[in-house]
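# Topology and contacts: notes
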Amino acid sequence: MSKLNKDILFLIFEELQDNSKYLFSCLMVNRIWCETVIPILWRNPWRYYAINYCKKNSLYSIITSYLSNDIKEFLSKKGIKISGQSLAFDYLSFCRSINIKIIDDIISIGSSSEYNRFLLQEEIYSFLIKKCPEIKYLNIHGTYEIVYPPEAKARLESLCELTCDTLIDPRYFYRLAHICQQIQRIVIINNNLNANHGTTKLIEFQKNLKYFGWVDDFIDDYFHFDWEQLEDPYTEILNILKKHANTLIHFEISLHFDYLYSTNYDYTFLQYALLELHNLKILEINSPRFLDNADFNEKLEMVTYRDLEIIEIDVIDICQVTCIIKSSLYLKELWINNFHIEKDFFNDDSLNFVNTICDNCFLIEYLSVPVFPLLENHFIEFERLLKKCQNLRSLNFKDACYEKKEALEFGDYLSNVLIREASTNLIDIGIPYSDIEFSLVTLEKFFEKWKGRPAVSLYFDNTYFYREDNSYMKLFDKYKIEGVIKNINA
């Protein structure tokens with residue numbers, strides 16, 4: 001292995017680029033391995049979450065080694081620690097990334113003085129934009145001068161990924177919009193109560209936007225937050241985003257909202273924007289439940305999302321999610337935290353949902369499903385789902401919005417049908433708080449019959465039900481030892 005040529009080694013290390021532990025261990029094998037790994041590690045050296053960058057003195061030494069001698073002397077006189085070491089590699093010549101927060105953390109190693117850190121920032125960001133051949137990944141929080149030097153256009157025009165926040169001066173985004181028009185991935189942290197029109201202009205100028213993420217982060221105290229002071233940034237952003245419907249394949253949004261009075265606010269900007277984003281492969285939404293209005297529902301029925309592979313939504317009406325997945329033949333993951341179901345239509349709506357999965361989503365691997373009524377037609381459709389969806393690995397039942405009853409009877413039915421019909425790929429089962437319960441006898445029969453299959457992981461929302469009786473805990477321990485249970489949270 002240690003004698004493989006560089007080209008083969010490079011291909012192997014490329015596959016390991018997300019794992020800093022393995023890459024760092026490869027540095028120690030021999031010089032060829034080291035020379036091959038260094039360019040991969042330094043392409044985006046700020047990406048490794050396992051590293052505590054505040055304590056990485058070696059990174060601080062490398063970065064400050066690039067300072068000119070007169071700058072080093074000037075900063076040393078200010079009491080700032082400066083490295084005098086020589087470098088084995090020209091590390092920054094491989095770098096294609098700037099992450100302001102992490103580099104600021106590294107800079108803080110040099111001095112505890114805010115003013116001294118400012119001096120270091122001025123010098124380091126100045127030579128970074130000159131030294132890095134091109135910047136593919138940029139993570140900025142706060143306004144730094146990296147977009148204004150003469151070299152900025154050449155370094156930033158091939159930018160692929162941008163993470164930023166809305167407290168940055170809009171003029172900064174205007175500058176970026178003129179330089180960077182091939183960004184494929186944009187993630188915006190919204191920590192500003194006022195709309196930042198610069199972010200809208202940046203999105204508008206892009207020519208191949210594939211990934212858009214928005215995360216609200218402007219509330220520290222939900223109980224005392226005055227919602228009236230929040231200016232709407234969403235409508236303008238999402239209207240511009242519709243213009244990228246042909247290229248956008250990943251859309252995720254996480255909104256702050258008043259949980260007690262969410263129905264007092266109009267969030268239709270989101271649900272109507274969704275109607276336009278027909279090429280999505282990944283959809284992740286954390287927001288208030290979509291309004292159940294006839295106009296939207298009628299338009300949703302007309303839209304087809306043929307390419308959807310992953311859906312993750314906090315809360316949604318079951319009829320609306322059924323409409324979304326009706327043509328999603330490639331759907332692999334459907335994560336719904338809460339299904340909203342009208343009590344009067346519960347039987348029909350839950351049956352239609354399961355039927356839609358059976359007929360259209362037989363590649364599904366991770367599925368959330370509401371606990372359905374104990375009725376014959378529901379049994380038939382659920383068993384058909386288990387037979388058709390042979391790739392199913394994770395099945396998570398969710399409490400339904402209807403009168404709770406017959407929980408033990410459902411548990412008995414579920415244990416029997418899973419043994420009889422589920423494929424051997426099923427290894428994770430999620431049980432809701434109150435709609436499904438298992439007697440001790442039912443669980444023991446289930447575990448006995450599960451023997452010979454891959455070990456199962458069980459996740460109970462209502463752990464108290466099982467913990468209050470020590471007989472359950474003894475049963476779980478027994479089948480853990482026998483290898484029937486892999487993980488259990490009870």
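Predicted model only: the values in this text are computed from it and were never measured.

## Notes on the overall build of the protein chain
Across its full length, the protein chain holds 20 helices and 14 strands. Principal axes of the C-alpha set define a box for the protein chain whose edges measure 80 × 55 × 45 Å. Within the protein chain, the fraction of its 490 residues that count as buried is 51%. Considering only contacts in the protein chain between residues 6 or more positions apart, those separated by 24 or more positions represent 71%. Carbon and sulfur atoms make up 50% of the accessible area of the protein chain, which amounts to about 23600 Å² in all.

## Notes on the nonpolar core
The biggest cluster of nonpolar side chains holds 159 residues, and the ones touching the most others in it are Leu176, Phe251 and Leu334. Element by element, the count of residues in this core is highest for helix α7 (residues 114-131), at seven residues. Residue contributions to this core reach at least three from each of two domains, namely domain 1 (1-43) and domain 2 (48-159). Once you skip the residues sitting within four places of it in the chain, phenylalanine 251 turns out to touch Phe212, Leu238, Leu241, Leu270, Leu277, Leu280, Ile282, Leu283 and Glu284.

## So, a negative patch on the surface
Taken together, the side chains of Glu231, Asp232, Glu236 and Asp266 present a region of like negative charge at the surface. Note that aspartate 266 resides in the loop between β6 (250-254) and α12 (268-274). Of the residues examined, aspartate 266 reaches a relative accessible area of 52% and is grouped as exposed.

## So, the side chain of threonine 199
Counting through the fold element by element, threonine 199 comes out in helix α10 (residues 197-204). Setting aside its immediate chain neighbours within four residues, threonine 199 contacts Thr166, Phe173, Ile188 and Ile237.

## Overview of the domain arrangement of the protein chain
Structurally, the protein chain comprises domain 1 (1-43) and domain 2 (48-159). The contact between domain 1 and domain 2 buries some 1100 Å² in all, and 75% of this surface belongs to carbon and sulfur atoms. The largest contributions to the domain 1 side of the interface with domain 2 come from Ile38, Trp42 and Arg43, which together make up 57% of the buried area. Summed over the shared surface of domain 1 and domain 2, the number is zero salt bridges. Along the contact surface separating domain 1 from domain 2 lie two residue pairs in polar contact (both at pLDDT 80 or more).

## Here's the deal with the pattern of salt bridges
Side-chain pairs of opposite charge can arise whenever the charged atoms involved come near each other. Overall, the coordinates contain 14 salt bridges when judged by the stated rule. Between glutamate 204 and lysine 201 there is a salt bridge, and its shortest N-O distance comes to 3.1 Å. Linking glutamate 204 with lysine 201, this pair stays in helix α10, spanning three residues, or about one helical turn. Assessed through its relative accessible area of 34%, glutamate 204 is described here as partly exposed. Put simply, Asp359, Glu381 and Arg384 are held in one network by salt bridges that share partners.

## Looking at the packing of helix α16 (residues 376-388) against helix α17 (residues 407-421)
Put simply, α16 and α17 touch, their axes get as near as 10 Å, and they point 35° apart. Both α16 and α17 take part in a crossing whose hand is right-handed. For the pair α16 and α17, contact is made by Phe379, Phe382, Glu383, Leu386 and Lys387 and by Tyr413, Leu414, Val417, Leu418, Arg420 and Glu421, respectively. Considered class by class, the residues forming the contact of α16 with α17 number seven nonpolar, no polar and four charged.

## Description of the state of the cysteines
Applying the stated criterion to the full structure yields zero disulfides. In this structure cysteine 164 is not part of a disulfide, and its nearest cysteine sulfur, from cysteine 180, lies 11 Å away. What makes cysteine 164 buried here is its relative accessible area of 0%.

Calculation rules
Residues numbered from 1 in each chain as written. Predicted model: local features only at pLDDT ≥ 70, side-chain atom pairs only at ≥ 80, totals over all residues. Heavy atoms only, no water. Helix = DSSP H or I, 4+ residues; strand = E, 2+ residues; numbered from the N terminus. Buried < 20%, exposed > 50% of the residue type's maximum accessible area, 1.4 Å probe, protein only. Contact = heavy atoms within 4.5 Å. Areas by Shrake-Rupley, 256 points an atom, 1.4 Å probe, with all protein chains shown as cover. Core = buried A, V, L, I, M, F, W, Y, C linked by side-chain atoms within 4.5 Å. Domains from an automatic or database assignment. Patch = residues over 30% accessible without salt bridge, like charges linked within 9 Å, V, L, I, M, F, W, Y side chains within 5 Å. Salt bridge = Lys/Arg side-chain N within 4 Å of Asp/Glu carboxyl O. Lys, Arg positive; Asp, Glu negative; His and termini not counted. Charge placed at Lys NZ, Arg CZ, Asp CG, Glu CD. Buried area = accessible area lost by both parts, 1.4 Å probe. Polar contact = N/O pair within 3.5 Å; in protein donor to acceptor, adjacent residues only side chain to side chain. Axes fitted to C-alpha atoms, helices over the stretch in contact; angles between N-to-C directions. Left-handed = near helix turned anticlockwise from the far one by under 90°. Nonpolar A, V, L, I, M, F, W, Y, C, P; charged D, E, K, R; others polar. Disulfide = S-S within 2.5 Å.

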